[in-house]
Amino acid sequence: MHESYSSSLKSLHTFHLDVHCAHIIEITSVDQIPKVFERLENRPHLILGRGSNVLFVEDFKGTVVLNRIGGIEIVEDSEFYHIHVGGGEDWPDFVSSMVDRGIGGFENLAMIPGCVGSSPIQNIGAYGVELDSLCTYVEYVDLQSAQTVRLPSSECGFGYRDSIFKHDIKDHVFITAVGFKVPKLWQPNLSYGALSESIDGDITIKSVFEAVCQTRKSKLPDPDEIGNAGSFFKNPVISKAQYSQLKDTFPNVVGFELEHGVKLAAGWLIDQAGLKGTLYGGAQVHPNQALVLTNPNQASPNDVVGLAHLVRRDVLEKFGVELQHEVRFIGALGETHLDALVSQL
Ligand code: FAD
Ligand code: EPU
């Protein structure tokens with residue numbers, strides 16, 4: 001275990017804001033967890049993977065605990081690969097290593113920044129695949145009882161960018177590992193239309209992986225170059241009735257029919273509200289992908305919060321649709337939300 005008091009968080013989250021915390025602790029094995037959290041009890045603390053889905057809205061007045069638990073174990077039977085992965089493993093590296101071994105199933109989820117242990121929290125998804133279709137269990141230490149729990153995927157409450165880890169058991173679990181099961185008989189998932197168009201030649205695990213990487217590079221800013229946390233807002237789900245009204249006024253509105261409603265493309269709404277490229281202090285609506293808010297020019301936390309507020313307000317005014325942020329807002333003592341901050345702007 002390594003304990004550090006160099007408290008800058010700038011390189012520990014992908015928005016790269018100039019924010020600080022009191023202490024940083026790195027966890028490298030499961031047996032360190034009970035002792036560390038016993039010491040932190042009743043004191044502010046935040047578990048962090050790669051910081052690619054968080055916005056620090058101010059300095060964090062507590063301890064940041066980094067998940068760096070490694071290890072990948074693969075067991076195979078005649079039909080499946082069963083894979084147990086340490087929560088601190090890097091997700092994009094894990095996906096690349098599966099592709100290199102010829103193990104299919106993960107390739108559509110290439111290049112999603114973050115740790116494997118964070119992946120079930122918002123049930124990461126991209127290009128037609130969500131984590132829950134691959135995940136068999138999530139292992140965590142219950143921070144109240146110090147017991148290790150292996151929760152079957154069926155009990156994780158997975159939904160669109162959602163899981164039990166954001167609700168019922170939020171704040172008292174440390175996710176230490178994730179289990180996956182993928183069939184040896186690989187079937188490509190090319191349900192995201194543009195994917196097959198960008199594959200030249202044979203459809204293989206590698207060619208799908210490369211098409212996903214190429215598509216992502218063409219749309220999404222690299223956080224190492226321009227700070228961002230991916231899609232800032234979730235794609236809102238509205239009723240079929242509201243959708244049909246919206247379509248009367250905006251015939252080109254982009255929506256995907258679900259069983260109980262329609263999921264709108266928030267990027268389209270923000271784009272059509274004329275906000276692409278909008279600057280607010282050092283923060284900007286990404287000129288190529290309006291759903292991504294970026295930090296191109298040493299933005300302060302308030303710049304990003306102010307821009308998020310402006311985007312949400314304009315989309316609500318124009319389309320009558322309220323956006324919810326996907327990015328987790330972190331205040332001085334723990335999680336907060338845009339609504340709670342608007343009055344302070
Ligand atoms: P962090 O940001 O470090 O943490 C996220 C939350 O989980 C925090 O509240 C944290 O306290 C909590 N947490 C972290 N680790 C643990 C743990 N071990 N136990 C308990 N709680 C924990 N997401 C998608 O779904 N699809 C995409 O296509 C996608 N593309 C992206 C592209 C870019 C350029 C970026 C920057 C982000 C993108 N994201 C995407 C969002 C992000 O990659 C995912 O949410 C990712 O799973 C976050 O992992 P992380 O380790 O960085 O989590
Ligand atoms: N669009 C615009 N203008 C824009 C951006 C998008 O008109 O500026 C339109 C596109 O033309 C397209 C539609 O909106 O018709 C959807 O865009 P895209 O396919 O790029 O996907 P998205 O809805 O913006 C979602 C996820 C991404 C994921 C991609 C690919 C959410 C919130 N976002 O983005 O996930 O990578 O699909 O599957 O669901 C993330 O969660 O951080 C993330 C990046």
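A quick note: this is a predicted structure, and the numbers were derived from the prediction, not measured.

1. Re the environment of Ala-194
Point 1. As for its position among the elements, Ala-194 is in helix H3 (residues 193–197).
Point 2. For Ala-194 and Leu-338, which are 144 residues apart along the polypeptide, the C-alpha to C-alpha distance reads 33 Å.

2. Points about the pairing of strand S5 (residues 60–67)
Point 1. A large share of S5 lies buried, amounting to 7 of its 8 residues.
Point 2. Examined bridge by bridge, strand S2 (residues 21–27) and S5 share 6 bridges and lie parallel to one another. Considered in S5, the bridge of Glu-26 is made with Leu-66.
Point 3. Relative to S5, strand S3 (residues 45–48) is paired through 4 bridges, and the arrangement is parallel. Following the sheet pairing, Leu-46 is matched in S5 by Val-64.

3. Quick look at the packing of aromatic side chains
Point 1. As enumerated under the stated definition, the model contains 14 aromatic pairs in all.
Point 2. Centre to centre, the rings of Trp-91 and Phe-106 are 6.3 Å apart; their planes meet at 65 degrees, and the pair counts as edge-to-face. Pair noted here: Trp-91 is in helix H2 (residues 91–100) and Phe-106 is in the loop between H2 and strand S8 (125–126), with a separation of 15 residues, a long-range link. There is no split in this pair, since Trp-91 and Phe-106 are both buried.
Point 3. Ring plane angle 65 degrees and centroid distance 5.1 Å describe the contact between Phe-232 and Phe-233, whose orientation is recorded as edge-to-face.
Point 4. A relative accessible area of 0% places Phe-232 in the buried class.
Point 5. Here Phe-233 falls in the buried class, since its relative accessible area comes to 1%.
Point 6. Across from the ring centre of Tyr-137, 3.8 Å away, lies the NZ or CZ of Arg-150, which sits over that ring.
Point 7. Between Lys-263 and the ring centre of Tyr-160, over which it is positioned, the NZ or CZ distance is 3.5 Å.

4. Notes on the packing of H2 against helix H4 (residues 205–219)
Point 1. The geometry of H2 relative to H4 is characterised by a closest axis approach of 9 Å and an angle of 150 degrees between their N-to-C directions. Taken together, the axes of H2 and H4 lie roughly antiparallel to each other. The two elements H2 and H4 cross, and the hand of that crossing is left-handed. Along its contact with H2, which presents Val-95, Ser-96, Val-99 and Asp-100, the element H4 presents Ile-205, Lys-206 and Phe-209.
Point 2. When the residues that make up the contact of H2 with H4 are grouped by side-chain class, the tally is 4 nonpolar, 1 polar and 2 charged.

Conventions adopted
Residues numbered from 1 in each chain as written. Chains lettered and ligands numbered in written order. Predicted model: local features only at pLDDT ≥ 70, side-chain atom pairs only at ≥ 80, totals over all residues. Heavy atoms only, no water. Helix = DSSP H or I, 4+ residues; strand = E, 2+ residues; numbered from the N terminus. Buried < 20%, exposed > 50% of the residue type's maximum accessible area, 1.4 Å probe, protein only. Pairing = 2+ DSSP bridges. Phe/Tyr/Trp six-rings, centres within 6.5 Å; stacked < 30°, edge-to-face > 60°. Lys NZ or Arg CZ within 6 Å of the ring centre and 35° of its normal. Axes fitted to C-alpha atoms, helices over the stretch in contact; angles between N-to-C directions. Parallel < 35°, antiparallel > 145°, perpendicular 65-115°, else oblique. Left-handed = near helix turned anticlockwise from the far one by under 90°. Contact = heavy atoms within 4.5 Å. Nonpolar A, V, L, I, M, F, W, Y, C, P; charged D, E, K, R; others polar.

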